[in-house]
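Spelled out from the first residue to the last, the chains are:
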Number of protein chains: 2
Amino acid sequence: MKISTKGRYALRMMLDIARQGEGAVVSLKDISGRQEISVKYQEQIVMQLGRAGFLSSVRGPSGGYKLVRKPSEYKVGEILRSIEGSLAPVACLDGEENQCGRCGYCETLSFWQGLDEVINRYVDRFTLQDLLDECQGQG
Amino acid sequence: MKISTKGRYALRMMLDIARQGEGAVVSLKDISGRQEISVKYQEQIVMQLGRAGFLSSVRGPSGGYKLVRKPSEYKVGEILRSIEGSLAPVACLDGEENQCGRCGYCETLSFWQGLDEVINRYVDRFTLQDLLDECQGQG
DNA sequence: GAAATTCCCAGTGGTATAATAGGGTAAAAG
DNA sequence: CTTTTACCCTATTATACCACTGGGAATTTC
């Protein structure tokens, strides 16, 4: 039951950009220095975050990426879901095309639905700002 | 963020055995008929459930497996964890040997800890009996 | 002793993940 | 016009895990 590396990195990158201040344009190279994630790998992630409408970009020297909204307007859940596709703990919940034939009489389905709800409620309860506030004192 | 097939099957198998009544000895072949899981695959799962002390076995004809405790005394969480190892959403929480070097100043660690707690609290809130009760009317 | 079952180890094919490598184009700053 | 950056592909690798199978030994019942 693991979040993928991409999902974890995406969160750290968003947080890193947010931490540089409002409207800051941050290059992948800079993020790489702080977060120890290769620029090449970041490219793959940032592309998805851009398509999701979470980041805008500036080209050229001193270019980079910046947040589109304020940190308080990003739920952690939507960032994770945009990378992971879904946080559902079982495939049956990912969409009708993934349902198994046992759905009608599955004894465990509602249990899994409940778990899915609990997970999504939790990750949607936090914004980037919340995570920033939590560790003001730190590096 | 998916539970493995083994974890899902383990829960269904435990539930299947529980459903056959108190003290019932259930063969893998019988479970296979109802749950559509190959006997061979079940063997691997049941071995782990046995080692965890959840099931005891009876060899020979009309042998099989039976619950050691009452259904109300099995938390779903302990069954899942015995198969999955851990339900932690990130490896850093799996034990000290898995911590990354960033632990000391990781902005996301406490967020993940919270998610881990929420997940484990949920799965430990249900027992096999709870799941049985939920779908008395069904197949 | 034949059949049914658990027990146990070994193997296998597939798929996804994590990451790197390398190519290039486009835009902007100085 | 050079440099720096984003943008956008297509691989390739390595590896780990997953889902599942096979072969056979031990045990018990009849």
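One structure accompanies this document, and this report is about it. Not measured: the values here are computed from a predicted model.

**Comments concerning the protein's contact with DNA strand C**
Close to DNA strand C lie 23 residues; Thr5 and Lys40 of chain A together with Glu43, Ser57 and Tyr65 of chain B are nearest. Backbone sugar and phosphate groups make up 62% of those atoms of DNA strand C lying within 4 Å of the protein. Within the side chain of Thr5 of chain A, an N or O atom sits 2.7 Å from a phosphate oxygen of DNA strand C. Here Tyr65 of chain B contributes a side-chain N or O atom positioned 2.8 Å from a phosphate oxygen of DNA strand C.

**Looking at the protein's contact with DNA strand D**
Around DNA strand D, 24 residues are found, and the nearest of them are Ser57 and Tyr65 of chain A together with Thr5, Lys40 and Arg59 of chain B. At 3.5 Å from a sugar or linking oxygen of DNA strand D is found a side-chain nitrogen or oxygen belonging to Arg59 of chain A. The contact in question runs from a base oxygen of DNA strand D to an N or O atom on the backbone of Gly60 of chain A, over 3.4 Å. Of all the secondary-structure elements, those providing two or more residues to the surface near DNA strand D are helix H2 (28-35), helix H3 (39-51), strand E1 (55-58) and strand E2 (64-67) of chain A together with helix H1 (5-19) and helix H3 (39-51) of chain B. Split by residue class, the surface near DNA strand D holds 7 nonpolar, 10 polar and 7 charged.

**Focus on unusual backbone geometry**
Residue and element names in this part refer to chain B. Despite not being glycine, Glu36 shows a phi value in the positive range, around 55 degrees. One can find Glu36 in the loop between helix H2 (28-35) and H3. Positive phi, normally seen in glycine, also occurs at Ser62, with a value near 60 degrees. Following the sequence through the fold, Ser62 ends up in the loop between strand E1 (55-58) and strand E2 (64-67).

**Digging into H2 of chain B**
All names here are of chain B. Of all the residues in H2, the buried ones are Leu28, Ile31, Ser32 and Gln35. Across the axial projection of H2, the buried residues extend over an arc of 105 degrees, all falling on one side. Exposed and oriented more than 90 degrees from the buried face of H2 are Lys29 and Gly33. The inward-facing, buried residues of H2 contact H1, H3 and E2. The first or second residue beyond H2 is Glu36, which carries a positive phi of 55 degrees.

**Some remarks on the interface of chain B and chain A**
Listed per partner, the contact involves 40 residues of chain B and 41 residues of chain A. Surface buried jointly by chain B and chain A totals about 3700 Å² across both partners, of which 62% is contributed by carbon and sulfur atoms. Per-residue buried area on chain B facing chain A is highest for Met1, Glu107 and Phe111 of chain B; these three make up 23% of the total on that side. Between the two partners, chain B and chain A, sit 4 salt bridges. Close ionic contact of Lys2 of chain B with Asp94 of chain A constitutes a salt bridge, the shortest N to O distance being 3.2 Å. Scanning the region where chain B abuts chain A turns up 14 residue pairs in polar contact (both at pLDDT 80 or more). Mapped by element, the contributors of at least two residues to the side of chain B that touches chain A are H1, H2, helix H4 (76-84), helix H5 (109-123) and helix H6 (128-134) of chain B. For the side of chain B that touches chain A, the element with the most residues is H5 of chain B, which contributes 9 residues. Within the side of chain B that touches chain A, the residues separate by chemical class into 22 nonpolar, 7 polar and 11 charged.

About the cut-offs
Residues numbered from 1 in each chain as written. Chains lettered and ligands numbered in written order. Predicted model: local features only at pLDDT ≥ 70, side-chain atom pairs only at ≥ 80, totals over all residues. Heavy atoms only, no water. Near = heavy atom within 4 Å. Polar contact = N/O pair within 3.5 Å; in protein donor to acceptor, adjacent residues only side chain to side chain. Helix = DSSP H or I, 4+ residues; strand = E, 2+ residues; numbered from the N terminus. Nonpolar A, V, L, I, M, F, W, Y, C, P; charged D, E, K, R; others polar. Buried < 20%, exposed > 50% of the residue type's maximum accessible area, 1.4 Å probe, protein only. Arc of directions from axis to C-beta. Contact = heavy atoms within 4.5 Å. Buried area = accessible area lost by both parts, 1.4 Å probe. Salt bridge = Lys/Arg side-chain N within 4 Å of Asp/Glu carboxyl O.

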